[in-house]
Amino acid sequence: MSEPILNQIVLSFDVDWAPECAIDFVVDILVEKQIKATWFVTHDSPGIERLLQHNDIFELGIHPNFLSKSTHGNSIKEVLTHITQLVPNSKIMRTHYLTQSTEILETSVSDFGIEIDVSLFLMGTSNIQPHILFLNHEVKGLVRIPYFFEDDFEMFSPKKSWKINNEKYHVSGLKVFDFHPMYIYLNSDSMHEYRELKNIAPLHLLECKACEPFINRSILGTKDLFIQLCEYIVNEQRMSYTLSDIAQLWKNNH
């Protein structure tokens, strides 16, 4: 029989340079319902500072951008140095664009103290559970927690669904959901409005008024699923977790 912890729904968020209004919108819902979550940070902002005020339910991880022309830096060490200065002492990461390599993982563990990686996306896969990857003989293993759902990938699915009662969201195994505050705020069903909005100004500089015309109010979208998941966690699951909670509970049994 599988451990109960490995059948839970867990919420995580990639900040992805979201404007303050989007971050605050999500934070307010989670704080009101006292739902734990893990946030992967891309930049410094007042919204990120507010997250730190709720460290009883939120943990902050790093979301390093290793792509060319990244504002985080031009090399693996530059990027990791920059992003870890934004989130000091963080032990958990998900890489932007899921950029991965042995060198990235080894450097993250050996030089920057990362203990948990959440950069493996297994969309809709059943029976997901954590595992440990050993990268060298000098450091302890890296706990990797594959995640189950990402809102932008769902937009491209031929069988997309924004309803929590869809059977695909209730398969056996750990189900880590990844949302982006901007898509929740816009209630995105597709990438169209988001891409149009990005043409106006850099996302993190946008104010609420600029975002208003791009909010989806006509059909179900990302926000609808997020709200339903929150209700499910509160009323059905009745427990919530950070990803570090999951890693620790799993390690305790392995």
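The following paragraphs examine the structure supplied in this document.

Definitions and limits used
Along each chain, residues carry numbers from 1 onward, in the same order as the chain's sequence is written. Note on the predicted model: pLDDT of at least 70 is required for a residue's local features to be given, and 80 or more for side-chain atom pairs to be given and counted; whole-chain, interface and lining totals, by contrast, use all residues. Excluding hydrogens and water, the side-chain values take into account all heavy atoms of the structure. Partly exposed describes any residue whose relative accessible area lies between the buried limit of under 20% and the exposed limit of over 50%, with all areas from a 1.4 Å probe on protein chains only and scaled to the type maximum. Only DSSP runs of H or I covering at least 4 residues are called helices, and only runs of E covering at least 2 are called strands; the numbering of each starts at the N terminus. What makes two strands pair is DSSP finding at least two bridges between them. Salt bridge criterion: a side-chain nitrogen from Lys or Arg within 4 Å of a carboxyl oxygen from Asp or Glu.

Side note on the pairing of strand 9 (residues 175-179)
Alright, step 1. Counting buried positions along strand 9 gives 5 out of 5 residues, so the element sits mostly inside the fold.
Alright, step 2. Side chains Lys175, Phe177 and Phe179 project from strand 9 onto one buried face, and the interleaved Val176 and Asp178 project onto a second face that is buried too.
Alright, step 3. Pairing analysis gives 5 bridges linking strand 1 (residues 9-14) to strand 9, with the strands arranged parallel. Considered in strand 9, the bridge of Leu11 is made with Phe177.
Alright, step 4. Note that strand 8 (residues 149-150) and strand 9 share 2 bridges and pair parallel. Pairing of Phe149 across the sheet is with Phe177, part of strand 9.

Considering the pattern of salt bridges
Alright, step 1. Here the structure, examined in full by the defined rule, presents 12 salt bridges.
Alright, step 2. Notably, a salt bridge pairs Lys36 with Asp245, separated by 3.1 Å at the nearest N-O pair. Here Lys36 is found in the loop between helix 1 (20-33) and strand 2 (37-41), whereas its partner Asp245 is found in helix 10 (residues 243-252), with 209 residues between them in sequence.
Alright, step 3. Using a relative accessible area of 26% as the deciding quantity, one classes Lys36 as partly exposed.
Alright, step 4. When the shortest N-O distance is used, the salt bridge between Lys140 and Glu115 registers 3.3 Å. Residue Lys140 is found in the loop between strand 6 (131-133) and strand 7 (142-144), and its partner Glu115 is found in the loop between helix 4 (102-112) and strand 5 (116-117); the two are separated by 25 residues along the sequence.
Alright, step 5. By relative accessible area, which is 25% here, Glu115 ends up partly exposed.
Alright, step 6. Connected via shared salt-bridge partners are Asp14, Arg94 and Asp178.

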